[in-house]
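Each chain, letter by letter, is given below.
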2 protein chains.
Amino acid sequence: MTDCRSKHTTLFAGALIVLLALIQPLLAEEGMWTFNNFPSKTVAEKYGFTPSQAWLDHVRLSSLRIAGGCSASFISPQGLVMTNHHCVVECVEQLSTPQQNFVNEGFSTKAIAEERKCPDFELDQLLEIRDVTNEVQSALAGKTGDEANHALHAMTAALQHSCGTEANIRCDVVSLYHGGLYNLYRYKRYTDVRLVFAPEFSVAQFGGDPDNFNFPRFDFDIGLLRAYEADKPAATPDYLRWSANGSTDGELVFVSGNPGGTSRQLTMAQLAFERDYVFPYVLTNIAELRGQLEQFITRGPEQAREANEELFYRENAFKALSGEQQALLDPQFMAGKQREEQRLRDAVSKDPKLAAYASAWDDIAQIQEVRAQLYVRHMQLSARAFRNGLLGYAVTLVQAAAQRTKPNTERLPEYTDQSLVGVQEDLSAAVPIYNDLEELNLAFTFTIMRRELGADDPFVRKMLGEESPEQLARRLVSGTRLSDPKVREELYNGGQSAIAASNDPMIRFAASISDDLLADRKEYEARVDAPTRTAAEKIAKARFAVYGTTVDPDATFTLRLSYGTVKGFENAEGKFVEPYTNIGGLFQRATGAPPYRLPESWLKAKGSLNLSLPMNLSTTNDVIGGNSGSPLIDRDANVVGLIFDGNIFSLGGDYGYDAAKNRTIAVDSRALLEGLRKVYHLDYVVDEIEAGRR
Amino acid sequence: MTDCRSKHTTLFAGALIVLLALIQPLLAEEGMWTFNNFPSKTVAEKYGFTPSQAWLDHVRLSSLRIAGGCSASFISPQGLVMTNHHCVVECVEQLSTPQQNFVNEGFSTKAIAEERKCPDFELDQLLEIRDVTNEVQSALAGKTGDEANHALHAMTAALQHSCGTEANIRCDVVSLYHGGLYNLYRYKRYTDVRLVFAPEFSVAQFGGDPDNFNFPRFDFDIGLLRAYEADKPAATPDYLRWSANGSTDGELVFVSGNPGGTSRQLTMAQLAFERDYVFPYVLTNIAELRGQLEQFITRGPEQAREANEELFYRENAFKALSGEQQALLDPQFMAGKQREEQRLRDAVSKDPKLAAYASAWDDIAQIQEVRAQLYVRHMQLSARAFRNGLLGYAVTLVQAAAQRTKPNTERLPEYTDQSLVGVQEDLSAAVPIYNDLEELNLAFTFTIMRRELGADDPFVRKMLGEESPEQLARRLVSGTRLSDPKVREELYNGGQSAIAASNDPMIRFAASISDDLLADRKEYEARVDAPTRTAAEKIAKARFAVYGTTVDPDATFTLRLSYGTVKGFENAEGKFVEPYTNIGGLFQRATGAPPYRLPESWLKAKGSLNLSLPMNLSTTNDVIGGNSGSPLIDRDANVVGLIFDGNIFSLGGDYGYDAAKNRTIAVDSRALLEGLRKVYHLDYVVDEIEAGRR
């Protein structure tokens, strides 16, 4: 599943990018192109179709980003939104109760009035891209380490502020080419988002973990939402119409979505660091937590309901990251990367005008030595548990209270005035909290912390005192009142004095460690992030100077457009795999045992279905985690599919796109309508989609 | 903990070795020396003490191997055996019941009559080493692939047979230097082994996983057994006497034990294979199973009792293997290995007489490509579950029935007449079986199998049919009667007709897959093991020819002697760590929360203990997993400690010994007696030990 949970999920409101308009396009499918630098000319030369500016604007405004890490699109003028089941499953789980498990049973509606608000969901529509390279680079000029980070934070806050202060506007400073260029992305935020439809987990994720990232495939991985404004369906004049006939083999198709992150422009030293430090740590960590969750869900249906979604994310992340690791362990792949780097370095060393860039690769190699020293500690002190769940609330409340006493431009990016809008929404959201799962996650975090830093580490001693990880987790979770949104709101509104006065154990614990977390972050950002940015900017400039041609920037969980064609591929055994599966294949593959068990709804509807209709398809589009839920559209910008995955060869796509093998996997638009109409009888929605065609 | 559970635990009765008597010793502590090639001269030059042949014979006959993967020694003339708690914990758990948990509470006796038989335990005493290089190499000459394996198996069976057929004699053909030389090791087997004493888990493994492989350390990791013959304590004239005063800093000390396996003589291509294929697979696999066990034991005290020991082994293996992986990910370490290899290759290429050996490194590199193709499947089809637990019984019964119809020399090594003695003992042993844990392990195995081979793999489809891994595991475990030793004995005695007639689901399942397992093994052994043996033999001969000097062979879980000194070391933060901790430190480190919770027995006894006595100590001896339970002895062959671990730097010892940092960790002999006498009041045993001094 190509959602955006990667090994470096440090995405926050102030993530950065940029775009270079003067570089020229290459002739390859590869590319996750920004909307203000799409290679229309290349597409025209290869396919005889030129996406116009109006076409691009229409697609951009019809596309959406789900703040949690997915993509989506408007598919009706009344705010109807299409994305994947696995992108809405968190909401489905939050709306479930011990009495009614919508994850297992599916969620369906008979009319608009039955659509139910997701407790904490945000859709972002990209309104405008503005170049702010000069502003940011001037602010950074001559600064290093902490001073540079400080200047960047201040400029980010100021640029965000320049976008206006409406709660439904969001502006991100985006760094493209690893700090080579900076753009300001302005979004409209939709925060009243309601669940319209979700199929049963068993058909949405048919084949489960064994079939994930494989093809042939037979998933009905769709979730439907609706954007609301002023308690009414939002008017969304820009939306994607449904294709009348779907796609054909070889047809030109586009994917508009938000790839989360790629690492194609990293240096060899950075790749080696990922191979030798990041993957060995991250993969074993995920594997162990996955094992805990696998056992947790066997305790009973309630535990399964609570943890099913989290287990799915761990499984998906494990498989995706293992695939990325394979690329870095492949000597041929690395040799290719090495040649690529050497070619650029040779060109730089031959051109006296580029002399200022020549040291950048060695600079980055040296930074990896510092990074190696800091890495394990930094991974611990920036652990997920400090940003999620009950402890996440506590850390946020403690830090927000302190940060709000400072001027806007002096704050950390996630506590600027603009960011605080989202922070408050998160704190107020009535999402269910499961104490047993919270305990599991906290005990796991504390255990790993002690294991990695050692029992004698001062921070570990401060955290644990005389308690075991399990005892500490239990005391914090059982004693806290932070699962109540009202309590969180009061603490937020009360600011520093409320925090100081609170005797909530989770707040006290967060307050005791918050400075340690911030100090580690500051050191890592000053000694690793800042100098890396300086060196990467040089490499980006060198690359532009030498090749004088357009390359797409590494993905940054911002809107990109990819072109490609419907196409099969040769699998690992050398057998050609056709690009389409059909609905009949779904029934053939079903065994009755999970994850190959079909829900009753499909078994009952089988007789009425056109089994020869395409179910899933494979295309050559270049996508990656974060693209989940992206629409697959034809040259008329009509929906022909819904991206939900890539094939096994797509996993190396983090480091490089292989046109011969890398494939994107989508649910075919024809199977989508067939299922919605005949299996789920979602007539008011299908009518709305079909009416929208006109 | 340095027990012998490594990534390549394919130890079986027919493991192989050899010894070269003519090569000369090097001047370094490094070395796990065989008893027939101990560098006494080097020791004499460095320390002024020459271990005589009588001294060596006495130490050898006092030393023991625990067939499950540990070391031990006789410490009284009445068969009293000292080893680690973590080497007897399996027996302790097997003797426990839901009503009495000896793992938590400890096991103690007041008199010999209370000693209790371990259901399935074997101690091996090394009686004789005989050179059989000519026999084996002649049998192998000119043969390749499956033919070579077949010849080796036949010669192994014949050589074993030449040792005699008594049930208490065991003979192993041991390959030293990866097939360069072959020796026949003849053992006396003790199979009536009784538990005398085991402390509480909490003090034996004080500090648990966080402190494992760390020093300073404070563990009371001792377990006492007794060897019986004819239902009476065995007469064991060769035993180690207890030192009167223990050791001192800098003193010469020896470790006599059974290091399980090292990889110091592998080629760069083999090391790269371990780094890029073995560790990424094995570590994530262990991590996930560990996570499952971590949750399993939280279900209740009974589940904790059942799975505690297995979880400990996974934790220990994970930490040990992670440390080995670190060595291979260290560019400096690998560069050193590369230089070492290049030096030998250069020397070979310069000497026309060695021309026949020159291709060996490239041969091995090419074999790694074959190995890479076969590896994932082979790991699945040789999974632990096929050799352990209920399914392990079933596979053994099915294969033994078929193999017994063949002549002795035509069988697989684990089913020769000699090996069948042990097979029958294992099948008859009344060890408890926990169905829920069996289900967990089988479901995990089947899940990983499907994940790694894919749901469409023919073997996976044959195994699972229409069932999920969990359903299959439950059906097999709930339906089988193999947890009853009588049922297993009947099936064994009934041979092929009993197997064919059985409708036990586990037997039927094992029968349906047995040929697949054997076919995979045959292919892997023919295409990887056999050509690797041929090439490694060349490299071994080249090494002897070029350096003309003694090096110790890689460890093979056979008896070795290592010399060294009591010595501290500089830790990762550059701080010097003294070689001794004391009993007082144990109490200082205790927090009351696991794994730093002391049992009542120690808290109660605190006032009576001499807190300044040494608790644990560090020495420079070269040991590795399998050495757990080895005695640490002085030049008088008196016990000064009990090996139970290494420091964190010892983990890279699989690939190379670093004299500056690598340390072995032992319980000090003084703490052992103090604890046994004053905490546990084990007077009859302490009296026996002290009487033995005379």
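Draft legend 1. Geometry of helix α22 (residues 669-679) of chain B. Residue and element names in this part refer to chain B. The buried fraction of α22 is high, at 9 of 11 residues. Along α22, the residues that are buried comprise Ser669, Arg670, Ala671, Leu672, Leu673, Glu674, Gly675, Leu676 and Val679. Count one or two residues on from α22 and you reach His681, which has phi positive near 50°.

Draft legend 2. Up close: the sheet that holds strand β19 (residues 639-646) of chain A. Residue and element names in this part refer to chain A. Spatially, the 8 strands line up as an open sheet ordered β1-β13-β12-β18-β19-β20-β17-β16, and their pairing is antiparallel. In this open sheet, the two strands that pair with only one neighbour each are β1 (33-34) and β16 (580-582). Where strand β12 (residues 252-257) and strand β13 (residues 560-565) come together, 6 bridges link them in antiparallel fashion. For Val253, the partnering residue across the bridge sits in β13 and is Gly564. Packing of helix α1 (residues 40-47) onto the sheet brings it into contact with β12 and β13, and relative to β13 it is tilted by some 10°.

Draft legend 3. View of the state of the cysteines. All names here are of chain A. Inspection of the entire model under this criterion finds 6 disulfides over all chains. Disulfide partner of Cys70: Cys87, at an S-S distance of 2.1 Å. Looking down the S-S bond of the Cys70 and Cys87 bridge, the torsion is -80°, so its handedness is left-handed. Remark: Cys87 occurs in helix α3 (residues 85-95) and Cys70 occurs in strand β3 (residues 70-74); sequence separation between them is 17 residues.

Draft legend 4. Here's a closer look at the interface of chain B and chain A. The partner chain A presents 36 residues to the 36 residues of chain B that form the contact. Across the chain B/chain A interface, buried area totals approximately 3100 Å², and carbon plus sulfur atoms make up 50% of it. Counting the surface chain B buries against chain A, the share from its top three residues, Gln295, Arg299 and Arg451 of chain B, is 18%. In this assembly, chain B and chain A are joined by 8 salt bridges. Here Asp209 of chain B ties to Arg451 of chain A by a salt bridge, and the two come within 3.4 Å at their closest N and O atoms. Across the contact surface, chain B and chain A share 10 residue pairs in polar contact (both at pLDDT 80 or more). Per element, the largest residue contribution to the side of chain B that touches chain A is 12 residues, and it comes from helix α9 (residues 268-296) of chain B. Considered class by class, the residues forming the side of chain B that touches chain A number 13 nonpolar, 9 polar and 14 charged.

Draft legend 5. Examining the relation of the copies chain B and chain A more closely. Take chain B, turn it by 180°, move it 0.0 Å along the axis, and it overlays chain A with an RMSD of 0.0 Å. In symmetry terms, the pair is related by a two-fold rotation axis. Most of the interface of chain B is mirrored in chain A, where 100% of its interface residues again form contacts.

Draft legend 6. Expanded view of the packing of aromatic side chains. Residue and element names in this part refer to chain A. Applying the stated criterion across every chain, the model contains 47 aromatic pairs over all chains. One aromatic cluster is present, formed by Phe38, Tyr47, Phe49, Trp55, Phe254 and Tyr563 through successive ring pairs. Here the guanidinium or amino end of Arg194 rests over the ring plane of Tyr228, the centre of that ring lying 3.7 Å away. Over the aromatic face of Tyr393 sits the side chain of Arg488, whose NZ or CZ is 3.8 Å from the ring centroid.

Draft legend 7. Inspection of the pattern of salt bridges at higher detail. Scanning the entire structure with this criterion turns up 94 salt bridges over all chains. When the shortest N-O distance is used, the salt bridge between Glu425 of chain A and Arg189 of chain A registers 2.6 Å. Placement of the pair is Glu425 of chain A in helix α14 (residues 417-428) and Arg189 of chain A in strand β8 (residues 181-190), with a sequence separation of 236 residues. Judged by its relative accessible area of 27%, Glu425 of chain A falls in the partly exposed class. For Glu688 of chain B, the salt bridge identified is with Arg226 of chain B, shortest N-O distance 2.7 Å. Taken as a pair, Glu688 of chain B in helix α23 (residues 683-692) and Arg226 of chain B in strand β9 (residues 223-229) lie far apart in primary sequence, 462 residues in all. The exposure class assigned to Glu688 of chain B is buried, which follows from its relative accessible area of 10%. Overall, Arg226 of chain B belongs to the buried group, its relative accessible area being 0%. One network of salt bridges, with partners in common, ties together Arg65, Glu122, Asp124, Arg170, Asp172, Arg189 and Glu425 of chain A.

Cut-offs applied
Residues numbered from 1 in each chain as written. Chains lettered and ligands numbered in written order. Predicted model: local features only at pLDDT ≥ 70, side-chain atom pairs only at ≥ 80, totals over all residues. Heavy atoms only, no water. Buried < 20%, exposed > 50% of the residue type's maximum accessible area, 1.4 Å probe, protein only. Helix = DSSP H or I, 4+ residues; strand = E, 2+ residues; numbered from the N terminus. Pairing = 2+ DSSP bridges. Contact = heavy atoms within 4.5 Å. Axes fitted to C-alpha atoms, helices over the stretch in contact; angles between N-to-C directions. Disulfide = S-S within 2.5 Å. Buried area = accessible area lost by both parts, 1.4 Å probe. Salt bridge = Lys/Arg side-chain N within 4 Å of Asp/Glu carboxyl O. Polar contact = N/O pair within 3.5 Å; in protein donor to acceptor, adjacent residues only side chain to side chain. Nonpolar A, V, L, I, M, F, W, Y, C, P; charged D, E, K, R; others polar. Least-squares fit on C-alpha atoms with pLDDT ≥ 70 in both. Phe/Tyr/Trp six-rings, centres within 6.5 Å; stacked < 30°, edge-to-face > 60°. Lys NZ or Arg CZ within 6 Å of the ring centre and 35° of its normal.

In short, the description is geometric, and any link to function would need to be established separately.
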